[in-house]
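Listed below, chain by chain, are the residues.
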Amino acid sequence: MKTNTILFLRLFLLGCIIPIIVSNIVYTGFSTNYTVSVFSKRGFEHQYEAGIYKYRVLGNTTLLKTYDLIKRYDLPTFAPRSLHLLDMAGDPQFYSAYFYMNTFFLCLTSMLLLIILGVHRKNTDFMMVDLPVLFMCFLIGISQYVVVPYDTLSYFLLCIAVILSIYDNGTLWNLLGLCTVVILATLTRETAAFILSFYFAINYKTILTKPTTLKINQKQAILIIITACFIFTYIGLRWVFGYDHAIYEALVLSKNINQPDAILGMLFFISIALIIFITKAVTKEISVFFVVTFPYVLFVLLFADAWEIRLWTPLILLLIIMKVRASQSLTIQETLSEVPHA
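Below or above, wherever it landed, is the structure these notes cover.

**Some words on a nonpolar patch on the surface**
Inference 1: On the surface, Phe 8, Leu 9, Phe 12, Leu 13, Ile 17, Ile 21, Ile 25 and Phe 30 cluster together to form a nonpolar patch covering roughly 730 Å² of accessible area.
Inference 2: By the element assignment, Phe 30 lies in the loop between α1 (3–29) and α2 (41–48).
Inference 3: Taking the relative accessible area as the measure of exposure, Phe 30 reaches 55% and is therefore exposed.

Here is the structure:
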């Protein structure tokens, strides 16, 4: 089979068919035992126009636009039999909006993961490319027992930022693209800060280089600029929508250290992190990323429900990307070292 045909087939299967099937299983084969009262427009607006959720405007707006498209074009709807138990005013069309939106961005995220891990370089290694994408696809899928309108969109934007970071060609267009993605990601979810963490981690040697003059280097300048984009967008959202619950919704540390499901959620992330660190290859970039994102782990324990696996997913996504790329580099080095010298 021709290489281009294989490339297209992998993108089609891993970036389209399998994510659609995973989403279909999640949204029609099961029903959430966690998320309630947000499967009608009225219930959605009551939940997402208040508290910390009101700042996640891009995902909220996208879901409402998806709902309008479903009504306008009378698209097929999907809803569990228990819909009216989850929301007394439950609307199959509104429930389906979650399915359509999250499936669309799950497909795009899977395609971008394939590109990040090297499918465009004609890398046909199943273990180094296809399997990590499958893992993340299923992880994102099962984490949607908490049904929200911004998670898969945020993963898609994180992946775009990763591409712009690792394939940075130093042009103004690349910087503008990265700034745009940071702003859009901040309008989606606060985990946009991981873009800054990732950029710092993969460039930490250059960024921590002490300048010999008053002039900073390019990587330092880019980090300052994208950090400013995040901060100004973050503050701007709170200036527009008010400062009520501007940083967190409630303090839940006691719940996280006492309830079995929250402990299991923490153990899930700890288990994944340990597997990443006790297997080869572990680079300094991975260690740096974990250090600079550790405050987020503490934040989750203090202010979020650790049982929500979705809270750990963006961290795992970026760690998996760094781990697999490091393993690919190690494999290439080992292969070259085994080549007999003339």
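**Description of the packing of aromatic side chains**
We describe a pair of aromatic rings using the distance from one ring centre to the other and the angle between the two ring planes.
Inference 1: Applying the stated criterion across every chain yields a total of 26 aromatic pairs.
Inference 2: Plain terms: the ring middles of Phe 8 and Phe 12 are 6.2 Å apart, the flat faces sit at 5° to each other, and that makes the pair stacked. In this pair, Phe 8 and Phe 12 are both assigned in helix α1, 4 residues apart and thus about one turn of the helix distant.
Inference 3: Take Phe 12: its relative accessible area is 37%, and that puts it in the partly exposed class.
Inference 4: Ring geometry for Phe 44 and Tyr 48: centres 4.7 Å apart, planes at 35°, overall tilted. Of the two residues, Phe 44 and Tyr 48 are both situated in helix α2; the distance of 4 residues between them amounts to about one turn of the helix.
Inference 5: Residue classification places Phe 44 among the buried residues on the basis of a relative accessible area of 2%.
Inference 6: A cation sits over an aromatic face here: Arg 238 above Tyr 55, 4.0 Å from the ring centre.
Inference 7: It is Arg 238 that lies over the ring of Tyr 234; its NZ or CZ is 3.6 Å from the centre.

**As for helix α14 (residues 284–303)**
Inference 1: The terminal C-alpha atoms of α14 lie 29 Å apart, and with 20 residues this matches the ideal 28 Å at 1.5 Å per residue to within 8%.
Inference 2: Burial in α14 covers these residues: Ile 286, Val 288, Phe 289, Thr 293, Tyr 296, Val 297 and Val 300.
Inference 3: In this structure, the buried side of α14 is in contact with α9 (193–202), α10 (204–207), α12 (253–258), α13 (260–278) and α15 (313–338).

**With respect to the nonpolar core**
Inference 1: The biggest cluster of nonpolar side chains holds 97 residues, and the ones touching the most others in it are Tyr 98, Ile 226 and Trp 312.
Inference 2: The biggest single contributor to this core is helix α5 (residues 92–116), with 12 residues.
Inference 3: With residues up to four places along the chain from it excluded, the contact list for Trp 312 reads Gly 265, Met 266, Phe 269, Val 297, Val 300 and Ala 306.
Inference 4: Formed by 5 residues, the second largest nonpolar core is a distinct cluster that contains Ile 52, Tyr 55, Val 57 and Leu 237.

**Focus on unusual backbone geometry**
Note on backbone geometry: most residues besides glycine have negative phi, and most peptide bonds are trans.
Inference 1: For the bond running from Lys 280 to Ala 281, omega is 0°, close enough to zero to count as cis.
Inference 2: Mapped onto the elements, Ala 281 comes out in the loop between α13 and α14.
Inference 3: If you check the backbone angles, Ser 37 has positive phi at about 65° while not being a glycine.
Inference 4: Locating Ser 37 in the fold gives a position in the loop between α1 and α2.
Inference 5: Classification of Ser 37 by relative accessible area gives partly exposed; the value is 41%.
Inference 6: At His 245, a residue that is not glycine, the phi angle is positive and equals roughly 55°.
Inference 7: Structurally, the position occupied by His 245 is in the loop between α11 (218–241) and α12.

Conventions we followed
Residues numbered from 1 in each chain as written. Predicted model: local features only at pLDDT ≥ 70, side-chain atom pairs only at ≥ 80, totals over all residues. Heavy atoms only, no water. Patch = residues over 30% accessible without salt bridge, like charges linked within 9 Å, V, L, I, M, F, W, Y side chains within 5 Å. Areas by Shrake-Rupley, 256 points an atom, 1.4 Å probe, with all protein chains shown as cover. Salt bridge = Lys/Arg side-chain N within 4 Å of Asp/Glu carboxyl O. Helix = DSSP H or I, 4+ residues; strand = E, 2+ residues; numbered from the N terminus. Buried < 20%, exposed > 50% of the residue type's maximum accessible area, 1.4 Å probe, protein only. Phe/Tyr/Trp six-rings, centres within 6.5 Å; stacked < 30°, edge-to-face > 60°. Lys NZ or Arg CZ within 6 Å of the ring centre and 35° of its normal. Expected span 1.5 Å × (residues − 1). Contact = heavy atoms within 4.5 Å. Core = buried A, V, L, I, M, F, W, Y, C linked by side-chain atoms within 4.5 Å.

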